[in-house]
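Structural features, examined
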Amino acid sequence: MLTDYESRKIPSTTVTVNKFTIKNATKPGESFNAELILLDVEALLSSDGQSADIRQNKEYHLVVKFLTKDPLTCEVIKRCGYHIKELKMYSEVVRELNDFQATHASDKYRLFLPEFIYGKCTEKEYVLVMENVKVLGYETNPKQEGLSFEHAMVAVDHVARLHAVSYSYDKTHNFLEKFPCFQFSTAISTFFKPVVWASLANVITFLKSQKMYEDMVKKLETGRTTLPVKFAALWDDQTRHRFLALTHGDFWNSNLMYRHDESHNIESLKLIDWQIAQWNNPVFDLHYLLNTSTSFEMRRDHAEEILRHYHTTFTTATSTMGTPVPNWNYEQFKAEFERTSLVGFLMGMCLIQGTLSKAGENINRGGSACCPSSCWLTDKIKSGFAKVVVSLAFKPSSSYIMRASIKKVLSPIGQELVEGSNELLNSRLLDLLLEADEKGVLDVLSL
């Protein structure tokens, strides 16, 4: 693997491994869609014709990503092509887009990811190896704190580059023709819709327990029956969007790795976890970031500055690369952002429950609903059972069963909300609800 990596830079290079160590990269419950390990290697590099006394010692600090061991989640990932998209992003797409912007914009809009080392994707095997940027000083902000204004501004600058470069590239190269795996698919929303429905049920139960939010409860209960239609109109129907670009899809706090200087000023940022990247409406990445990774106070005081910074970066970049978006001034961009606000609220509602709750960590640690970690079934039977379950889940006739199953899985989070034992979870979720109600987002849901 390392010989292949070094030979891409200097042909005929050979890597001899002297020592390596392996350890887990995450704690139980932290990652539900992958198995991650850290691999540290001490090696000796040599090239053909090179004398022994000038051989180079080198250390590698790597992150190795495998598919999750949970059979149901693994089958969903394969069905949606998440793993293929992430491997493509690291091995081909970013290099292609960076070469394009370097030629057309003098390298002003470079995309930054951990360096790709090795990858393999077959029917029976999947692995992605990349550099461990933590060793270089990169880290995520604690999800409990969320992003500061400065961190959010850097994040939207980088995602605006992604949207702008991919949009401009597509105008002359046809992005989806070259990388068809990023074609928009309703497969993602097929599984997201029942999660939204179950998360909404948790919210309603929580608000009822507070006995002071009757108006909000009424709007949410009315909206729950029409939610699939509302969501499909905003997410699935791409003909309604002004234009499309490559989106990250999971653009939130824990997928942003910052490096700071000694004064804690931000030096650089790398984006990770590209499994849900797809060709979609770029404003969804902004909704996702603001509703999942910032506090109410930060949005209240700085949302307008953040959105203006994104718009300026995007329009300047597309114009520099010779592909300005017609009829896309700030007012038109803001109107599109507000039109899709319901999706942003729903994303925030789900992710806050899933990432800030203690019950959510236990769900991730315990395995899937159909094949829990303690199940006596053999791995082969579990895998076959998961294929049947996922295949049925994609059928429209199974929507009721899917909602009921996911509601049961997520119900411990609802109980945690009612008990009030997790003050951060309750306050962040309540802030999001009150803000959405004040802006009329819940009125749209109940129409």
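See the structure printed just above.
This report concerns the structure included in the present document. This structure is a prediction, so every number in the text was calculated from the model and none was measured.

Calculation notes
Residues numbered from 1 in each chain as written. Predicted model: local features only at pLDDT ≥ 70, side-chain atom pairs only at ≥ 80, totals over all residues. Heavy atoms only, no water. Salt bridge = Lys/Arg side-chain N within 4 Å of Asp/Glu carboxyl O. Buried < 20%, exposed > 50% of the residue type's maximum accessible area, 1.4 Å probe, protein only. Helix = DSSP H or I, 4+ residues; strand = E, 2+ residues; numbered from the N terminus. Phe/Tyr/Trp six-rings, centres within 6.5 Å; stacked < 30°, edge-to-face > 60°. Pairing = 2+ DSSP bridges. Axes fitted to C-alpha atoms, helices over the stretch in contact; angles between N-to-C directions. Contact = heavy atoms within 4.5 Å. Left-handed = near helix turned anticlockwise from the far one by under 90°. Expected span 1.5 Å × (residues − 1). 1 Å grid on protein atoms, 1.4 Å probe; cavity = no way out; pocket = protein on both sides within 12 Å on 5 of 7 lines; lining within 4 Å. Points joined across faces, edges and corners; volume = space filled by probe spheres on them.

1. Quick look at the pattern of salt bridges
Counted under the stated rule, the structure contains 23 salt bridges. With its nearest N and O atoms 3.0 Å apart, the salt bridge here joins R110 to D107. Residue D107 is classed as partly exposed on the basis of its relative accessible area of 35%. The salt bridge partner of D443 is K219, with a shortest N-O separation of 2.9 Å. One end of the pair, D443, is in helix α16 (residues 441-446); the other, K219, is in helix α7 (residues 214-236), and 224 residues separate them in sequence. The partly exposed category is assigned to K219, whose relative accessible area is 21%. Here the salt bridges do not stand alone but share partners, grouping E304, R308, K334 and E338 into one network.

2. A look at the packing of aromatic side chains
Per the stated rule, a full pass over the model turns up 16 aromatic pairs. Taken together, a centroid distance of 6.3 Å and an interplanar angle of 55 degrees make the contact between Y167 and F314 tilted. Of the two residues, Y167 sits in helix α4 (residues 149-173) while F314 sits in helix α9 (residues 296-320), which places them 147 residues apart along the sequence. Look at F314 and you get buried, because its relative accessible area is 1%. Among the aromatic residues, those joined into a cluster by ring pairs are Y167, F243, Y310, F314, W328, Y330 and F333.

3. Regarding the sheet that holds strand β2 (residues 34-47)
Pairing between the strands of a sheet is mediated by backbone hydrogen bonds and can be parallel or antiparallel. The strand order β1-β2-β3-β5-β4 describes an open sheet built from 5 strands, whose pairing is antiparallel. Either end of the sheet is taken by a strand with one partner, and the two such strands are β1 (13-24) and β4 (116-121). The mean angle between the axes of side-by-side strands here comes to 25 degrees, regardless of whether they run parallel or antiparallel. Against the sheet, helix α3 (residues 82-105) touches β3 (56-67), β4 and β5 (126-131), its axis set at about 145 degrees to β4.

4. Digging into the packing of α7 against helix α11 (residues 341-356)
Where α7 contacts α11, the axes come no closer than 9 Å and their chain directions differ by 115 degrees. Taken as a pair, α7 and α11 cross one another with a handedness that is left-handed. Where α7 abuts α11, its residues L227, K230, F231, L234 and W235 lie against L342, V343, L346 and M347.

5. Section: α11
An ideal rise of 1.5 Å per residue puts 22 Å on 16 residues; α11 measures up with 22 Å between its terminal C-alpha atoms. For α11, the buried fraction is high: 15 of the 16 residues fall into the buried class.

6. Points about empty space enclosed by the protein
All told, the structure shown has 2 cavities of 30 Å³ or more when counted by the stated rule. Of the volumes computed, that of the largest cavity is approximately 60 Å³. Along the walls of the largest cavity sit W235, T247, G249, D250, I276, Q278, N280, N281, F284, D285, Y288 and M347, which together make up its complete lining. The element best represented in the lining of the largest cavity is helix α8 (residues 283-293), accounting for 3 residues. What the second largest cavity holds in volume is close to 40 Å³.

7. Quick notes on unusual backbone geometry
In the Ramachandran plot, D107 falls in the positive-phi region, its phi being about 65 degrees despite a non-glycine side chain. Positionally, D107 belongs in the loop between α3 and β4. Despite not being glycine, K211 has its phi angle at roughly 60 degrees, a positive value. Positionally, K211 belongs in the loop between α6 (187-210) and α7.

Nothing here speaks to function; it is all geometry.
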